[in-house]
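Each chain, letter by letter, is given below.
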Amino acid sequence: MEFIVKSGTPEKQRSSCIVAGVFESRKLSTVAHQIDAVSGGAISSILRRGDLEGKPGQSLLLHNIPNLPSERVLLIGCGKEKEFNENHYRDATAKAVSILKDTGATEATSYLTELDVKGRDISWKVRQAVEVTEAALYRFDQLKSKPDNSRRALRRVVLAVPKRSDLGPGERAIHEGQAIADGMKLARDLGNLPGNLCTPAYLADQATEIGKQYGLKITVLEKDDMQKLGMGALLSVARGSRQPPKLIVLEYDGGKEGEPPVALVGKGLTFDAGGISIKPAANMDEMKYDMCGGASVLGAVKAAAELKLPLNIVGIIPSSENLPDGDANKPGDIVTSMSGQTVEVLNTDAEGRLILSDALTYAERYKPAVVIDIATLTGACVIALGAHASGLLANNDQLAREILGAGKYTHDRAWQLPLWDEYQKQLDSNFADMANIGGREAGTITGACFLARYAKNFKWAHLDIAGTAWKTGKEKGATGRPVPLLVQFLINRARHDGAEAAA
Ligand code: BES
Ligand code: MN
Ligand code: ZN
């Protein structure tokens with residue numbers, strides 16, 4: 001999709017469709033009012049007939065409005081003007097796109113960007129418009145034998161900005177929004193690909209592709225390399241699978257030479273059947289999404305490279321399958337991680353923390369400024385926070401605040417849970433340094449507590465994206481989260497040199 005910003009009133013635009021907001025009850029937005037005025041009251045007389053109250057979710061497509069050079073006008077219900085907030089803005093934008101894509105309009109000019117959203121400036125609105133539009137147009141039909149060829153006419157979206165001085169910031173916002181949207185699309189595509197196609201080797205190939213495209217250094221550690229490094233935890237998970245494990249490393253050097261990088265570590269379980277502690281059959285297909293943390297690292301690094309952020313970044317993706325097999329981990333097995341710490345594998349389904357532990361130890365060699373791991377780690381996180389917030393745990397409060405701020409700004413939010421020492425004893429083992437599970441209580445926290453034991457040598461945060469990385473049910477599919485949060489975090493770091501991000 002092509003996006004551009006323009007400033008100017010609707011009576012001068014020659015567009016296939018002008019998009020304008022209407023508030024409750026039948027209160028015209030500034031631009032709807034302007035259209036009404038040039039058309040001799042056409043809009044208000046239609047609304048008086050009762051076709052559009054202005055409630056959220058409502059819309060009305062009009063043709064041949066008198067004295068208007070544009071072919072169509074799409075009115076979008078925006079709810080009560082005083083209550084119009086970020087959610088309403090995003091929903092109104094998504095609604096407009098869902099109508100537009102079923103019209104013949106090849107282009108549209110949206111004035112929703114001119115609506116007042118409490119506390120948000122034009123850059124935010126343009127960015128969100130780009131991201132929401134791309135997300136609403138996303139489909140995954142590459143594996144249908146007859147892809148849905150129904151018309152997809154919309155090719156260009158013009159985003160209206162109130163003043164000429166908004167054009168510069170608007171263009172920059174489009175650039176950022178487009179990079180984030182592309183990163184999300186990559187993460188969604190990889191997530192939606194099934195386990196038989198999206199294997200650890202496939203993820204490594206994707207990283208190599210991105211590396212070629214942006215001139216990144218890509219290293220893929222093979223099983224032999226892992227053995228040499230003593231990655232006994234990661235290797236123990238892979239033993240049950242016929243797909244060789246990979247540890248994928250991407251290095252983006254946009255910053256000063258020698259400047260400590262931001263390390264992003266993403267769980268890349270391309271299928272998690274649970275191993276010998278096998279999962280129930282219902283919805284097990286969704287465990288193809290267990291590599292979404294890794295996919296979000298690929299998406300975020302790609303976006304950072306696209307935006308040429310002045311920052312050094314290293315992406316690390318430990319990737320494996322977790323399957324039952326004669327050679328798989330067994331409950332009670334004790335493995336030695338690269339750090340030297342031993343782990344009693346009481347549940348083979350708590351495999352994410354095993355592969356991440358070695359990846360975190362591996363991250364130490366980059367002397368990172370901060371490390372963020374991203375993982376679909378615990379079902380408990382879905383119970384605690386549902387689908388709206390990713391779980392956040394950190395050993396550094398400043399880092400946690402930066403992440404929360406980035407999530408808030410991009411509407412890709414996280415919520416912090418405590419990482420108190422008191423929880424650590426749930427991981428006590430009679431036979432090894434620790435167990436890989438901590439009982440039913442506080443499952444997300446004990447998962448993070450396990451990882452924290454491998455993150456003692458740097459500032460570290462953990463994002464549990466089990467509830468946010470994909471949607472279940474009728475709209476099943478990857479969301480591309482938390483790519484927006486991660487990219488914003490990187491943008492803020494690049495801008496403020498690591499200083500605290502504006503919330
Ligand atoms: N990938 C799963 C976590 C998961 C489960 C995410 C369901 C989303 C939905 C992870 O590997 C896992 O199986 N975790 C276990 C941990 C438990 C054994 C301590 C879980 O959450 O049940
Ligand atoms: Mn598991
Ligand atoms: Zn898993």
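Because the structure is a prediction, the values reported are computed rather than measured. (Residues numbered from 1 in each chain as written. Chains lettered and ligands numbered in written order. Predicted model: local features only at pLDDT ≥ 70, side-chain atom pairs only at ≥ 80, totals over all residues. Heavy atoms only, no water.)

Caption draft 1: View of the overall build of the protein chain. The secondary structure content of the protein chain amounts to 14 helices and 21 strands. Its C-alpha atoms give the protein chain a radius of gyration of 24 Å, near enough to 23 Å, the size a compact globule of 503 residues would have. Considering only C-alpha atoms, the protein chain reaches an extent of 85 × 50 × 45 Å along its principal axes. Relative to its full complement of 503 residues, the protein chain shows a buried share of 59%. Contacts in the protein chain between residues at least 24 apart in sequence constitute 78% of all its contacts with a sequence separation of at least 6. Taking the average location of the 61 positive side-chain charges in the protein chain and that of its 61 negative ones, the two points are 5 Å from each other. (Helix = DSSP H or I, 4+ residues; strand = E, 2+ residues; numbered from the N terminus. Rg over C-alpha atoms; globule rule 2.2 N^0.38 Å. Buried < 20%, exposed > 50% of the residue type's maximum accessible area, 1.4 Å probe, protein only. Contact = heavy atoms within 4.5 Å. Lys, Arg positive; Asp, Glu negative; His and termini not counted. Charge placed at Lys NZ, Arg CZ, Asp CG, Glu CD.)

Caption draft 2: Looking closely at the coordination of the zinc ion (ligand 3). Distances from the zinc ion (ligand 3) to its protein donors, K267 (NZ), D272 (OD), D290 (OD) and E351 (OE), fall at 2.0 to 2.4 Å. Around the zinc ion (ligand 3) sit six donor atoms, and with donor-metal-donor angles ranging over 78 to 176 degrees the site reads as octahedral. Summarised as a motif, the one-chain spacing of the donors to the zinc ion (ligand 3) is K-x4-D-x17-D-x60-E. Its relative accessible area of 3% is what places D272 among the buried residues. (Donors = N, O, S within 2.8 Å, 3.2 Å for Na, K, Ca; no water. Tetrahedral: all angles 85-135°; square planar, octahedral: opposite > 155°, others 65-115°.)

Caption draft 3: Molecular detail of the packing of aromatic side chains. The full count for this structure, using the stated rule, is seven aromatic pairs. Ring centres of W420 and Y423 lie 6.3 Å apart, and the angle between their planes is 15 degrees; this geometry places the pair in the stacked category. For W420, a relative accessible area of 52% puts it in the exposed group. Members of the aromatic cluster, joined through ring pairs, are F23, F84, Y89 and W124. (Phe/Tyr/Trp six-rings, centres within 6.5 Å; stacked < 30°, edge-to-face > 60°.)

Caption draft 4: Structural detail: the coordination of the manganese ion (ligand 2). Of the protein atoms, only D272 (OD), D349 (O), D349 (OD) and E351 (OE) coordinate the manganese ion (ligand 2), at distances of 2.0 to 2.2 Å. In this structure, the manganese ion (ligand 2) is surrounded by six donor atoms whose angles at the metal cover 69 to 166 degrees, and the resulting shape is irregular. For the manganese ion (ligand 2), the donor residues sit on a single chain with the sequence spacing D-x76-D-x1-E. Metal-to-metal, the separation of the manganese ion (ligand 2) and the zinc ion (ligand 3) is 3.1 Å; D272 coordinates the two. Of this pair, D272 sits in strand β11 (residues 268-272) while E351 sits in the loop between β14 (342-345) and α10 (352-363); the two residues are 79 residues apart in sequence, bridging distant segments of the chain.

Caption draft 5: Structural context of the environment of N395. As for its position among the elements, N395 is in the loop between β16 (390-394) and α12 (397-410). On a C-alpha basis, the gap between N395 and S15 in space is 52 Å, while along the polypeptide they are 380 residues apart. If sequence neighbours within four positions are ignored, N395 has contacts with L419, A455, F458, K459 and W460. At 3.1 Å, the side chain of N395 forms a polar contact with the backbone oxygen of A455. There is a polar contact of 2.8 Å between the side chain of N395 and the backbone nitrogen of W460. (Polar contact = N/O pair within 3.5 Å; in protein donor to acceptor, adjacent residues only side chain to side chain.)

Caption draft 6: Representation of the domain arrangement of the protein chain in the model. Domain annotation of the protein chain identifies domain 1 (2-162) and domain 2 (180-502). Between the C-alpha centres of domain 1 and domain 2 the distance comes to 38 Å. At the junction of the two partners, domain 1 supplies 15 residues and domain 2 supplies 16 residues. For the pair domain 1 and domain 2, the summed buried surface comes to about 1400 Å²; carbon and sulfur atoms form 53% of the total. A per-residue breakdown of the area domain 1 buries against domain 2 is headed by R127, E131 and Y138, which together make up 40% of the total. One can count zero salt bridges joining domain 1 with domain 2. Our count for the domain 1 to domain 2 interface comes out at eight residue pairs in polar contact (both at pLDDT 80 or more). (Domains from an automatic or database assignment. Buried area = accessible area lost by both parts, 1.4 Å probe. Salt bridge = Lys/Arg side-chain N within 4 Å of Asp/Glu carboxyl O.)

Caption draft 7: Geometry of the pattern of salt bridges. This model, assessed by the stated rule, comprises 25 salt bridges. Across the pair K256 and E259 runs a salt bridge, and its minimum N-O distance is 3.7 Å. Residue K256 is classed as exposed on the basis of its relative accessible area, which comes to 59%. The exposure class assigned to E259 is partly exposed, which follows from its relative accessible area of 22%. One salt bridge connects K471 with E475, and the closest N-O pair in it is separated by 4.0 Å.

Caption draft 8: The arrangement of the side chain of D358 in detail. Mapped onto the fold, D358 is located in helix α10. The buried charged residue D358 lacks any salt bridge partner; its closest oppositely charged side chain belongs to R365, at an N-O distance of 10 Å. At 3.5 Å, the side chain of D358 forms a polar contact with the backbone nitrogen of G232. At a separation of 2.7 Å, a polar atom in the side chain of D358 contacts the main-chain amide nitrogen of M338. With near-sequence residues (within four places) excluded, D358 lies in contact with M231, G232, A233, L234, S337 and M338.

Caption draft 9: Region of the structure containing the packing of α10 against helix α13 (residues 443-452). One way to put it is that α10 packs onto α13 with a least axis distance of 9 Å and a crossing angle of 30 degrees. Comparing their axes, α13 and α10 come out roughly parallel. The chirality of how α10 crosses α13 is right-handed. In contact with R353, L354, L356, S357 and L360 of α10, α13 contributes T446, G447, F450 and L451. Of the residues in the contact of α10 with α13, the class split is five nonpolar, three polar and one charged. (Axes fitted to C-alpha atoms, helices over the stretch in contact; angles between N-to-C directions. Parallel < 35°, antiparallel > 145°, perpendicular 65-115°, else oblique. Left-handed = near helix turned anticlockwise from the far one by under 90°. Nonpolar A, V, L, I, M, F, W, Y, C, P; charged D, E, K, R; others polar.)

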